[in-house]
Amino acid sequence: MEVAHCYLDGNADAVEFCPHDLHRHVLAAATYTLQEGDRPSRSGSISLFDVDADDGRFDLFHRVETAGIFDIKWNPVGGAVDRPMLAQADADGCLRIHDLECSSDGEKGGVLREISGEKISSSMCLCLDWNPSATSISVGLSNGSVSIVSFSESQLDVSQEWKAHDFELWATSFDMHQPQLVYTGSDDCKFSCWDLRDSPPNMAFQNSKAHKMGVCCIAKCPSNPNTLVTGSYDEYLRLWDVRSISKPVNETSIHLGGGVWRVKHHPYIPGLVLAACMHNGFAIVKIEDDKGELIETYGKHGSLAYGADWQRRELAQEDKQKSNVVATCSFYDRLLRVWMPGNNKVAVGRLYSSAAQS
């Protein structure tokens, strides 16, 4: 079901709902626009929206102009800082942290204020991920390197950096259950795991055969410490069993089409995954018993499907059929949409019931 849509001021490539309790209505959308010519430039923006799907509310309340943005992430709940902060990886080689400052009168809204920014490379910052305690951020660079940047009291400092891949590094992800491990994926088709306890970090494993094209995204399953998913330009979502850090012991692939650019696990429902599939719209996949099943597709974007996220709407047992809310964006048409999955009873009811029984 459609909730609302709008067109952004630039090419849309990332959307992120705030996970913090009092700010779950806040949706951040980022853009990247290349101005070609004799002196090309890369500009961008972050727009904040107030979203309430039940009331049909979808209001822009703040926008900040930035360098061209490749990735944004809110800091995790339960980390060292309990207020909402948004990290930005941009084309100028900078990592920036924005604080969400809310209005003093208690009204919804607010503004982003940059509290820290650091140029960490002459290459472009392509992706980022917070560690679970929000004390450090991993950043993937266009030269194939990874930077681990410590964050404390609004200060950013590069603590480790190493050459991890041969080409652009589009995916970096902390293992939320073992945060000393960082996963990376690149245009060189390699999927790697690094142990940060060594300096330089030791390669725990590397798989160079499973992905037939570049690795675009990596995400550990929040509810299962043994499960991880990867997405690739080769159009497959891959489900990995990582019980041995020397190598993944099992791998299952699900063809989604279009190139799997971004994946998001549902914040509460185990086994529900949202995927942005570039040339093939968006998909929702159910993972159960180490198998994946495509249960819904969404094709109402006319351009590259890049950004996708679930809104954090906690589902009580007595309200398990309540609709989920999803935000998606597409690149060249600059389109941002908020919608609810159509077969919600299958996606939410069965999975929530099975989780409650376990």
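Residues numbered from 1 in each chain as written. Predicted model: local features only at pLDDT ≥ 70, side-chain atom pairs only at ≥ 80, totals over all residues. Heavy atoms only, no water.

- The chain has the name methylated diphthine methylhydrolase in an unreviewed UniProt entry, where Manihot esculenta is given as its organism.
- Check the Catalytic activity (unreviewed entry) section of the UniProt entry for the chain; it says "diphthine methyl ester-[translation elongation factor 2] + H2O = diphthine-[translation elongation factor 2] + methanol + H(+)".
- Listed in UniProt under the heading Pathway (unreviewed entry), the comment for the chain reads: "Protein modification; peptidyl-diphthamide biosynthesis." (UniProt positions renumbered as here; feature names shortened; annotations may be inferred.)

Here we look at the nonpolar core
Turning to step 1, where the next piece is worked out: Within the largest apolar cluster, 19 residues are counted, with the highest numbers of intra-cluster contacts made by L27, F49, F58, L336 and V338.
Turning to step 2, where the next piece is worked out: At the level of elements, β1 (2–7), β2 (12–17), β3 (26–35), β4 (41–52), β27 (326–330) and β28 (335–339) are the ones that each hand at least two residues to this core.
Turning to step 3, where the next piece is worked out: In this structure F58 touches A4, H5, C6, L27, F49, D50, V51, L336 and V338, once residues within four positions along its chain are discounted.
Turning to step 4, where the next piece is worked out: Core analysis: the second largest hydrophobic core is formed by 18 residues, I120, L128, L141 and L156 among them. (Core = buried A, V, L, I, M, F, W, Y, C linked by side-chain atoms within 4.5 Å. Buried < 20%, exposed > 50% of the residue type's maximum accessible area, 1.4 Å probe, protein only. Helix = DSSP H or I, 4+ residues; strand = E, 2+ residues; numbered from the N terminus. Contact = heavy atoms within 4.5 Å.)

Quick notes on the sheet that holds β27
Turning to step 1, where the next piece is worked out: On the basis of which strands lie adjacent, the open sheet formed by four strands has the order β1-β28-β27-β26 and antiparallel pairing. Sheet topology places β1 and β26 (305–310) at the edges, where each strand pairs with a single neighbour. Between one strand axis and the next, the sheet turns through 15° on average, direction left out of account.
Turning to step 2, where the next piece is worked out: As defined by bridge partners, β1 adjoins β28 across five bridges and the pair is classed as antiparallel. Looking across to β28, one finds that Y7 is bridged to L335. (Pairing = 2+ DSSP bridges. Axes fitted to C-alpha atoms, helices over the stretch in contact; angles between N-to-C directions.)

Brief notes about empty space enclosed by the protein
Gaps between atoms show up when a probe of the same size as a water molecule is rolled over them.
Turning to step 1, where the next piece is worked out: Tallied over the full model, the rule gives one cavity of 30 Å³ or more.
Turning to step 2, where the next piece is worked out: Its boundaries defined by the atoms lining it, the largest cavity holds a volume of some 50 Å³.
Turning to step 3, where the next piece is worked out: Lining the largest cavity we find T227, L239, W240, D241, N250, T252 and D290.
Turning to step 4, where the next piece is worked out: Counting residues per element, the lining of the largest cavity draws most heavily on strand β20 (residues 236–241), at three residues.
Turning to step 5, where the next piece is worked out: Grouping the constituent residues of the lining of the largest cavity by class yields two nonpolar, three polar and two charged. (1 Å grid on protein atoms, 1.4 Å probe; cavity = no way out; pocket = protein on both sides within 12 Å on 5 of 7 lines; lining within 4 Å. Points joined across faces, edges and corners; volume = space filled by probe spheres on them. Nonpolar A, V, L, I, M, F, W, Y, C, P; charged D, E, K, R; others polar.)

Re the UniProt feature "repeat: WD" (unreviewed entry) in the chain
Turning to step 1, where the next piece is worked out: Mapped onto this structure's residue numbering, the UniProt feature "repeat: WD" (unreviewed entry) falls at residues 208–244.
Turning to step 2, where the next piece is worked out: The annotated region residues 208–244 carries 0% helix and 49% strand content, and the separation between its end C-alpha atoms amounts to 17 Å.

Observations concerning the layout of surface pockets
Turning to step 1, where the next piece is worked out: When its volume is computed, the largest pocket comes out at roughly 1,100 Å³.
Turning to step 2, where the next piece is worked out: Along the walls of the largest pocket sit 40 residues, with K73, D129, M176, K264 and R312 positioned nearest its centre.
Turning to step 3, where the next piece is worked out: Listed by contribution, the elements that provide at least two residues to the lining of the largest pocket are β2, β6 (69–74), β10 (125–130), β14 (169–174), β18 (215–220) and β22 (262–265).
Turning to step 4, where the next piece is worked out: Along the lines of polarity and charge, the residues of the lining of the largest pocket split into 24 nonpolar, six polar and 10 charged.

Examining the environment of S159
Turning to step 1, where the next piece is worked out: As for its position among the elements, S159 is in strand β13 (residues 155–163).
Turning to step 2, where the next piece is worked out: When the C-alpha positions of S159 and T135 are compared, they lie 12 Å apart, and in sequence the two are 24 residues distant.
Turning to step 3, where the next piece is worked out: Residues within four places of S159 in sequence aside, it is in contact with I148, V149 and S150.

With respect to the environment of L48
Turning to step 1, where the next piece is worked out: With respect to the helices and strands, L48 occurs in strand β4.
Turning to step 2, where the next piece is worked out: Once the C-alpha coordinates of L48 and L274 are considered, the two residues, 226 residues apart in sequence, prove to be 21 Å apart.
Turning to step 3, where the next piece is worked out: Contacts of L48, omitting those with residues within four sequence positions, involve V26, L27, A28, D59, L60, F61, H62, W74, L100 and L112.

Re the side chain of S121
Turning to step 1, where the next piece is worked out: By the element assignment, S121 lies in the loop between β9 (111–119) and β10.
Turning to step 2, where the next piece is worked out: Judged by its relative accessible area of 10%, S121 falls in the buried class.
Turning to step 3, where the next piece is worked out: Polar contacts involving the side chain of S121 include one to the main-chain amide nitrogen of S123, which spans 2.9 Å.
Turning to step 4, where the next piece is worked out: Contact partners of S121, with chain neighbours within four places excluded, come to D92, G93 and L141. (Polar contact = N/O pair within 3.5 Å; in protein donor to acceptor, adjacent residues only side chain to side chain.)

Some words on the sheet that holds β6
Turning to step 1, where the next piece is worked out: Taken in spatial order, the four strands of this open sheet run β6-β7-β8-β9, and their pairing is antiparallel. The sheet terminates laterally at β6 and β9, the two strands that pair on one side only. Sheet twist, expressed as the mean angle between neighbouring strand axes with direction ignored, is 20°.

Quick notes on the packing of aromatic side chains
Turning to step 1, where the next piece is worked out: One pass over the structure, following the stated rule, counts 15 aromatic pairs.
Turning to step 2, where the next piece is worked out: Ring geometry for F191 and W240: centres 5.1 Å apart, planes at 50°, overall tilted. One end of the pair, F191, is in strand β16 (residues 191–195); the other, W240, is in strand β20, and 49 residues separate them in sequence. Comparing F191 with W240, the two get one shared label, buried.
Turning to step 3, where the next piece is worked out: Ring centres of Y306 and F331 lie 5.3 Å apart, and the angle between their planes is 65°; on these two criteria the pair is classed as edge-to-face. Of the two residues, Y306 is situated in strand β26 and F331 in the loop between β27 and β28; the sequence distance between them amounts to 25 residues.
Turning to step 4, where the next piece is worked out: Overall, the relative accessible area of 9% leaves F331 in the buried class.
Turning to step 5, where the next piece is worked out: Taken together, Y32, F70, W170, Y233, W261, Y306, F331 and Y332 form an aromatic cluster joined through their ring pairs. (Phe/Tyr/Trp six-rings, centres within 6.5 Å; stacked < 30°, edge-to-face > 60°.)

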